[in-house]
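# Observations on chain architecture
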Amino acid sequence: MAISTNDIQEFIRKLEGDPTLVEQLRRLLIPESERNLRAAIAEAQKQTWQAIQELTEAQKRSEERIGRLETAMAELAEAQKRTEQRVEELSEAQKRSEERIGRLETAMAELAEAQK
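Conventions adopted
Residues numbered from 1 in each chain as written. Predicted model: local features only at pLDDT ≥ 70, side-chain atom pairs only at ≥ 80, totals over all residues. Heavy atoms only, no water. Salt bridge = Lys/Arg side-chain N within 4 Å of Asp/Glu carboxyl O. Helix = DSSP H or I, 4+ residues; strand = E, 2+ residues; numbered from the N terminus. Buried < 20%, exposed > 50% of the residue type's maximum accessible area, 1.4 Å probe, protein only. Patch = residues over 30% accessible without salt bridge, like charges linked within 9 Å, V, L, I, M, F, W, Y side chains within 5 Å. Areas by Shrake-Rupley, 256 points an atom, 1.4 Å probe, with all protein chains shown as cover. Axes fitted to C-alpha atoms, helices over the stretch in contact; angles between N-to-C directions. Parallel < 35°, antiparallel > 145°, perpendicular 65-115°, else oblique. Contact = heavy atoms within 4.5 Å.

### Here we look at the pattern of salt bridges
Applying the stated criterion across every chain yields a total of 8 salt bridges. Here Glu23 ties to Arg26 by a salt bridge, and the two come within 3.1 Å at their closest N and O atoms. Within this pair, Glu23 and its partner Arg26 are both found in helix α2 (residues 19–29), separated by 3 residues, close to a single helical turn. Residue classification places Glu23 among the partly exposed residues on the basis of a relative accessible area of 31%. A salt bridge links Glu89 to Arg86; the shortest N-O distance between them is 3.3 Å. Of this pair, Glu89 and Arg86 are both found in helix α3 (residues 32–114), 3 residues apart, which corresponds to roughly one turn of the helix. Residue Arg86 is classed as partly exposed on the basis of its relative accessible area, which comes to 47%.

### Examining a nonpolar patch on the surface
On the surface, a nonpolar cluster with roughly 390 Å² of combined accessible area is contributed by Ile3, Ile8, Phe11 and Ile12. Relative to the elements of secondary structure, Ile12 occurs in helix α1 (residues 5–17).

### Observations concerning the packing of α1 against α2
At a closest axis distance of 5 Å, the pairing of α1 and α2 adopts a crossing angle of 110 degrees. As summarised for this structure, α1 and α2 are arranged roughly perpendicular, according to the angle between their axes. Here Phe11, Lys14, Leu15 and Gly17 of α1 come into contact with α2, specifically with Pro19, Leu21, Val22 and Leu25.

Written out as structure tokens, the structure reads:
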């Protein structure tokens, strides 16, 4: 029995109108292992996409944290400069105080000597 072009076209029309028939044909033509493989690949793709989305969100959070850290570092650097300047000012004030104390000690010694 030969199959004609018309038979094939009629069969295709029936397939297009009957999803159940398509599924039956698929089960006959595609081995179960391959159908399972396709499902496994689809699940792996879904999981990969989910992981990519999670990594994208984690990257965004990391970039935000890095931005906050950069701001904090800049603020700390400014605070460090102010602290260093204040320490320098205090060091100069300490030197002046030591000089004044030295002069006072000299004056006190001269006064003590003069009262003898």
